[in-house]
Amino acid sequence: MRQNPSFAMTDLTELRRIIAQHPWATLVGTTAEGLQASHYAVLLDPERDDLTVVGHVGRPDDLILGMGAGELLVMFQGPHGYISPGWYGDVAAVPTWNYVSVHLSGRPEILSPEENLRVLEDLVAHFESGQENPRGMWQAPNDEAFITRLAAGTVGFRLTPTRVVAKRKLSQNKSDETIENVIFELGRDGSEAKAALAAEMRRAHDQRRTAQA
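Definitions and cut-offs
Along each chain, residues carry numbers from 1 onward, in the same order as the chain's sequence is written. In view of the model being predicted, local features appear only for residues whose pLDDT reaches at least 70, and side-chain atom pairs are presented and counted only at 80 or more, with totals across whole chains, interfaces and linings using the full set of residues. Water and hydrogen atoms were dropped before computing side-chain values, which therefore reflect all heavy atoms in the structure. The term salt bridge refers to a pairing of a side-chain nitrogen on Lys or Arg with a carboxyl oxygen on Asp or Glu at a separation within 4 Å. The helix and strand labels rest on DSSP assignments: H or I over at least four residues marks a helix, E over at least two residues marks a strand, and numbering proceeds from the N terminus. Throughout, exposure labels follow a simple rule: accessible area from a 1.4 Å probe, protein chains only, divided by the maximum for the residue type, with under 20% read as buried, over 50% as exposed, and the rest as partly exposed. Contacts described as polar in this section are N or O atom pairs within 3.5 Å, which, within protein, must combine one atom able to donate a hydrogen with one able to accept it, while residues neighboring in sequence count only if both atoms come from side chains. All axes are obtained by fitting lines to C-alpha atoms, using only the stretch in contact for helices, and the reported angles, taken between N-to-C directions, cover 0 to 180 degrees. Orientation labels follow simple angle bins: below 35 degrees gives roughly parallel, above 145 gives roughly antiparallel, 65 to 115 gives roughly perpendicular, and whatever is left gives oblique. Definitions for this section: a left-handed crossing has its near helix turned counterclockwise from the far helix by less than a right angle. A right-handed crossing has that turn clockwise. Throughout, a residue-residue contact means that at least one pair of heavy atoms, one from each residue, lies within 4.5 Å. Only Asp, Glu, Lys and Arg are considered charged, only Ala, Val, Leu, Ile, Met, Phe, Trp, Tyr, Cys and Pro nonpolar, and every remaining residue, Gly among them, polar. Paired strands are those between which DSSP finds at least two bridges. The span one expects for a helix is its residue count, reduced by one, times 1.5 Å. Directions pointing from the helix axis toward each C-beta atom define the arc.

Caption draft 1: Region of the structure containing the pattern of salt bridges. As enumerated under the stated definition, the model contains 16 salt bridges in all. E14 is the partner of R203 in a salt bridge, and the nearest nitrogen-oxygen pair spans 2.8 Å. Of this pair, R203 sits in helix α6 (residues 192-212) while E14 sits in helix α1 (residues 12-21); the two residues are 189 residues apart in sequence, bridging distant segments of the chain. Given a relative accessible area of 5%, E14 falls into the buried group. Across the pair D206 and R209 runs a salt bridge, and its minimum N-O distance is 2.9 Å. On the criterion of helical spacing, the pair formed by D206 and R209 is a turn pair, its members being three residues apart in helix α6. One salt-bridge network, in which partners are shared between bridges, spans E14, R17, R168, E200 and R203.

As structure tokens, then:
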């Protein structure tokens, strides 16, 4: 992802927030056959306060992605959406796309079966926590034989990135008036995706104005 200093996202707290709120990640590895990609839920490592992430892939995706043999790119996509040039007013303009993305690169550590099982438990607990009647991984009718068989079909990993590229392109290069109008137009759309982008723009815009005050 090409970086633009005006759109660079470097604050650790904000990076962790985007990863935590958008855990469905794209994993890209390089093998002898070329680039390979898969999609999995990835979480921040609960035992770390940096950008270390943990996750798992199903076999044989570990081989397809070359897990542990080379660098892995993990991409998190935050809110994004189309921006009409008509929202900029009576000025020369073209359509664009506003978005937030975080890319983490590094060589992943392959987890032991015991660590992998903990990651699987954490993943289930994390996503079930929002359910009306959460169902834990070990909850009946699941039994030990079923869980053991399930875990054996997965490979857990931990990635502490050696390179981070994060971008928040949210009309920062426009006037305050234009930004406010873009936020307004996104809010009028009524869709959940546009509302999420409008909220992200509002957050970034307010943070920038506070920093400039």
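Caption draft 2: Inspection of the side chain of T154 at higher detail. Here T154 lies in strand β7 (residues 154-159). Note on T154: relative accessible area 10%, which makes it buried. A polar contact is formed between the side chain of T154 and the side chain of N116, at a distance of 2.9 Å.

Caption draft 3: Just the packing of helix α5 (residues 176-189) against α6, in detail. The geometry of α5 relative to α6 is characterised by a closest axis approach of 8 Å and an angle of 155° between their N-to-C directions. Viewed along their axes, α5 and α6 adopt a mutual orientation that is roughly antiparallel. The way α5 lies across α6 gives a crossing that is left-handed. Two secondary-structure elements touch here, α5 through D176, I179, E180, V182, I183, L186, G187 and D189 and α6 through K194, L197, A198, M201, R202, H205, R208 and R209. The residue makeup of the contact of α5 with α6, split by class, is seven nonpolar, two polar and seven charged.

Caption draft 4: Main features of the pairing of strand β3 (residues 53-58). Counting buried positions along β3 yields six of six residues, so the element is predominantly enclosed. Side chains of β3 alternate between two faces, with V53, G55 and V57 and V54, H56 and G58 buried alike. Bridge count between strand β2 (residues 34-44) and β3: three bridges; the pairing is antiparallel. Looking at β3, one finds that L44 is bridged to V53. In the sheet, β3 pairs with β7 via six bridges, with the strands oriented antiparallel. For V57, the partnering residue across the bridge sits in β7 and is V155.

Caption draft 5: View of α6. The end-to-end C-alpha separation of α6 is 30 Å, in line with the 30 Å expected for 21 residues at 1.5 Å each. Residues of α6 that are buried include every one of K194, L197, A198, E200, M201, A204 and H205, and no others. All buried residues of α6 lie within an arc of 165° about the axis, which places them on one face of the element. Turned more than 90 degrees off the buried face of α6, the exposed positions are E192 and T210. On its buried face, α6 sits against α1, β4 (72-83), β5 (96-106), β8 (163-169) and α5.

Caption draft 6: Spotlight on the environment of V74. Relative to the elements of secondary structure, V74 occurs in strand β4. A sequence separation of 37 residues divides V74 from A37, and the C-alpha atoms of the two residues are 9.6 Å apart. Other than its neighbours up to four places away in sequence, V74 contacts A25, T26, L27, V42, V102, H103, L104 and L159.

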